[in-house]
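Examining the three-dimensional arrangement
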Amino acid sequence: MKQYKEQKILAAMLCGALTLSGAEYAAAAENAAEDLAVEEFSLDDYVVTANRMKVRSQEVAAEVTVVTSEDLAKGNYTTVTDALRDKGINVKTNTTGSYVELNGDNRVLLMVNGRRTNWNHGPLISGVDTGLMDLDTFQVENIERIEVVRGPNSSLYGNAAMGGVVNIITKRPQPGMHVKVRGEVGTQKQRRGALRVEGGDDSVTYALTVSRETRGDIEYRSPSNGNLSIADTGMHRTSEALTLDKKFTNGDLLSFDFTNTEANKSMAANVKDANTAQPTYPNARGRETVRTYALTYTWAAKTENGPQDYFRIYHNQEKLDGAYDASFQDDMKAMGAEYQKNWLLSDKNTLISGVSFHHENIQEENNGSLDRSANTTSLYLEDNWRMGRGWSLNLGTRWEDHSDFGADFTSHIGLNKELSAATNAFVSWGQAVNNPTLKMRYANTQWWAGNENLQQEKSQTVTAGVKSKISANTDVDATFYYSKVKNALDWIYTDKTRYYNVAQETRRGLDLNLRHRFSPQWSVRLGYSYAQVKESDNTWHYLYRKNNQPNRYILGVSYKQDKWDGDLTLQHVAGRIVGDNAFLKSRYATLDMVLNYHCTDKTKFYIKGYNLTNESYESIATWSGYYMAPGRSVILGVQHEF
């Protein structure tokens, strides 16, 4: 009966899309431009990440989600996690950090301005299968937009991009003098303040962003004992970011970016029993420092909106000093260099080439020592064609040599057809590689035994989709994917955590979205996603860790009039496995909201609410317990620009 009801909901969504589109589709077709190769496009009508160059979203042969600067301003997000969840992206959170799942896969590459930030040493988050970077270390005030590209991207960006890529694009400082301050106070003892100062002249500009954030112990609603809190799980975080830009008279740009985040937080607040809030690891806290440097020289584009050559050097470091059952210290470093060269072979053909070098090292003391390094050298080519009559083609290949695993080639091809000025369809095929982390292979502690015989994960994925703006007020999109992963990594805990290779893993899924504007004041969005993961070895692990959101429904309502604007988002997840070593509930529903009041063009007050349904559910389930999602919270904030 439950499954039948969910099918009825999905059928209603599809019928709604057809009903809204039917009355206006003919008018949209009549107004469609005959020349489909539109040369000019607005800032929000392109994506960079999918092809390593600016491409109109209608020409991209992939499913892409963009969090625009307008979205960030309207949502008043405190973290990147909040911004992505509001767009329907699956983000899993525990007290150690937050990470993304795309196409049911947590092997996602996280980048900043196209520079990789993933730690290939991990996992740093309990229950996660690969090295990741905590999303919440990035200051929202420093972000211009976020691009999320689903599907394999190893041929473009290297290993770890199996499920997709998240690219955080930061703001470039503007000339003059601009100051923005922001303050928040909320339930669960939440406090946050942020300041951004930017200025300079037409030659040199700068931007400094600082923030301070505190949160009390994690509070959640238990399945049967009401509201509980997990002792000693409060958090304090400070962040600073500095950007310096030097603009040359010929249009070239030299940029320096520095970020530093320090946090004191709980490291493993999963609970053995959701009805007692007793943590599995009492007193497990740690001090974390994340620091990055990047120096980039970008040559001026030869044509308007054309690709740009660049050279970059960078250094990332993360230090952890804490304790579980015993004290531990981690010092993780990554440094590298990359150069990209673009070739405008014709007005319809662009070739992108590049070379990169990446060095990583982990030093760990945790009732045992680990000191290991690895190097990766890569060469890549990406060919983009616009073939006329609405056809576009992109294909690429990457050679990547890893010091432990040797050389691999990964390739991809994508074909896109603009059926009209408002509709395009695409199909793509891609390969991906994910290397076992250094810690998976070489750990030697009381709780973790490395496996030097682990093999690389290798996948092939087919994706097909259609996107259509079927009227001035309505657009829809649908995407399907199917992936096979050879030698997928999984783990089991007996006396120690041990990783092993699964013969084969298959992933399949579907995404449907409908957006409609009823009036200048009101708009609605509907979404449904299905994601299923199976392993050939059929271990009990996959039941809960790799199928945490099998069916997800989203209903969003937006309002804007005069000085008021706001959003309401309802998400419903169903179909999760319930039982021993699985989830507590098969379904849950959360309601989030934000409401802004603009006193002037420079000042606004806002209120945000998360999990207003006070739903009881776990974001992650592991063999040792549950990471319970925080209960209802409300935040009041004010922002002013000088």
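Residues numbered from 1 in each chain as written. Predicted model: local features only at pLDDT ≥ 70, side-chain atom pairs only at ≥ 80, totals over all residues. Heavy atoms only, no water.

In terms of helices and strands, the chain carries six helices and 36 strands. For the chain, with 642 residues in total, the buried portion stands at 55%. In the chain, the proportion of contacts linking residues at least 24 apart, taken out of those at least 6 apart, comes to 62%. For the chain, the exposed area adds up to about 26,700 Å²; of that, 56% sits on carbon and sulfur atoms. (Helix = DSSP H or I, 4+ residues; strand = E, 2+ residues; numbered from the N terminus. Buried < 20%, exposed > 50% of the residue type's maximum accessible area, 1.4 Å probe, protein only. Contact = heavy atoms within 4.5 Å. Areas by Shrake-Rupley, 256 points an atom, 1.4 Å probe, with all protein chains shown as cover.)

Our focus in this paragraph is the side chain of Thr 474. Relative to the helices and strands, Thr 474 resides in strand 27 (residues 474-493). The exposure class assigned to Thr 474 is buried, which follows from its relative accessible area of 0%. Side-chain polar atoms of Thr 474 contact the side chain of His 516, separated by 2.4 Å. (Polar contact = N/O pair within 3.5 Å; in protein donor to acceptor, adjacent residues only side chain to side chain.)

Here we take up the packing of aromatic side chains. Taken as a whole, this structure holds nine aromatic pairs when the rule is applied. Considering the side-chain rings of Tyr 528 and Tyr 553, the 5.0 Å spacing of their centres and the 45° angle between planes classify their relative orientation as tilted. Of this pair, Tyr 528 sits in strand 29 (residues 522-535) while Tyr 553 sits in strand 30 (residues 551-561); the two residues are 25 residues apart in sequence, bridging distant segments of the chain. Judged by its relative accessible area of 8%, Tyr 528 is buried. Overall, the relative accessible area of 7% leaves Tyr 553 in the buried class. Ring geometry for Tyr 588 versus Tyr 617: centroids 3.9 Å apart, planes at 5°, classification stacked. Here Tyr 588, found in strand 32 (residues 588-598), pairs with Tyr 617, found in the loop between strand 33 (603-610) and strand 34 (618-622); they are 29 residues apart in sequence, far enough to count as distant. On the basis of relative accessible area, Tyr 588 is assigned to the buried category, the value being 8%. Every member of this aromatic cluster is reached through a ring pair, and the members are Phe 248, Tyr 297, Trp 299 and Tyr 339. (Phe/Tyr/Trp six-rings, centres within 6.5 Å; stacked < 30°, edge-to-face > 60°.)

Side chains of a nonpolar character, in soluble globular proteins, are inclined to be buried together. Val 80, Leu 84, Val 100, Ile 146, Val 166 and Ile 168 are the most contacted members of the largest nonpolar core, which totals 21 residues. Those elements giving two or more residues to this core turn out to be helix 3 (80-86), strand 6 (108-112), strand 8 (143-150) and strand 9 (164-170). Setting aside its immediate chain neighbours within four residues, Ile 168 contacts Val 80, Leu 110, Met 111, Val 112, Asn 113, Phe 138, Ile 143, Arg 145 and Ile 146. (Core = buried A, V, L, I, M, F, W, Y, C linked by side-chain atoms within 4.5 Å.)

The subject of this paragraph is the pairing of strand 17 (residues 285-298). Inspection of the sheet shows strand 16 (residues 253-266) paired to strand 17 by 14 bridges, in the antiparallel sense. Bridging across to strand 17, Leu 253 finds its partner in Thr 298. Taken together, the 13 bridges between strand 17 and strand 18 (residues 310-323) define a ladder with antiparallel strand orientation. The residue bridging Thr 296 from the neighbouring strand is Arg 312, located in strand 18. (Pairing = 2+ DSSP bridges.)

As for its position among the elements, Leu 295 is in strand 17. Judged by its relative accessible area of 35%, Leu 295 falls in the partly exposed class. Placed 17 residues apart in sequence, Leu 295 and Arg 312 show a C-alpha to C-alpha distance of 5.6 Å. Residues contacting Leu 295, with those up to four places away along its chain left out, are Leu 254, Ser 255, Phe 256, Phe 311, Arg 312 and Ile 313.

A few words now on the sheet that holds strand 9. In spatial order, the strands read 3-8-9-6-7; together these five strands make up an open sheet with mixed pairing. Bordering the open sheet on either side are strand 3 (64-67) and strand 7 (115-116), each of which pairs with just one other strand. Alignment of strand 6 against strand 7, held across two bridges, turns out to be antiparallel. When the sheet's bridge partners are listed, Val 112 is paired in strand 7 with Arg 115.

Nonpolar side chains collect at one region of the surface, where Leu 295, Trp 299, Phe 311, Ile 313, Tyr 339, Val 355 and Leu 379 lie side by side and expose about 570 Å² of accessible area between them. Looking at Leu 379, the relative accessible area reads 44%, which means it is partly exposed. (Patch = residues over 30% accessible without salt bridge, like charges linked within 9 Å, V, L, I, M, F, W, Y side chains within 5 Å. Salt bridge = Lys/Arg side-chain N within 4 Å of Asp/Glu carboxyl O.)

All right, on to the pattern of salt bridges then. Applying the stated criterion across every chain, the model contains 38 salt bridges. A salt bridge links Glu 505 to Arg 107; the nearest nitrogen and oxygen atoms lie 2.6 Å apart. Separated by 398 residues along the polypeptide, Glu 505 in strand 28 (residues 497-517) and Arg 107 in the loop between strand 5 (98-101) and strand 6 bring together distant segments of the chain. Both residues of the pair, Glu 505 and Arg 107, belong to the buried class. Linking Arg 182 and Glu 141 is a salt bridge whose minimum nitrogen-to-oxygen distance equals 3.0 Å. In this pair, Arg 182 sits in strand 10 (residues 176-186) while Glu 141 sits in the loop between strand 7 and strand 8, placing the two residues 41 residues apart along the sequence. A residue is classified by how much of its surface remains accessible, and Arg 182, at 10% relative accessible area, is buried.

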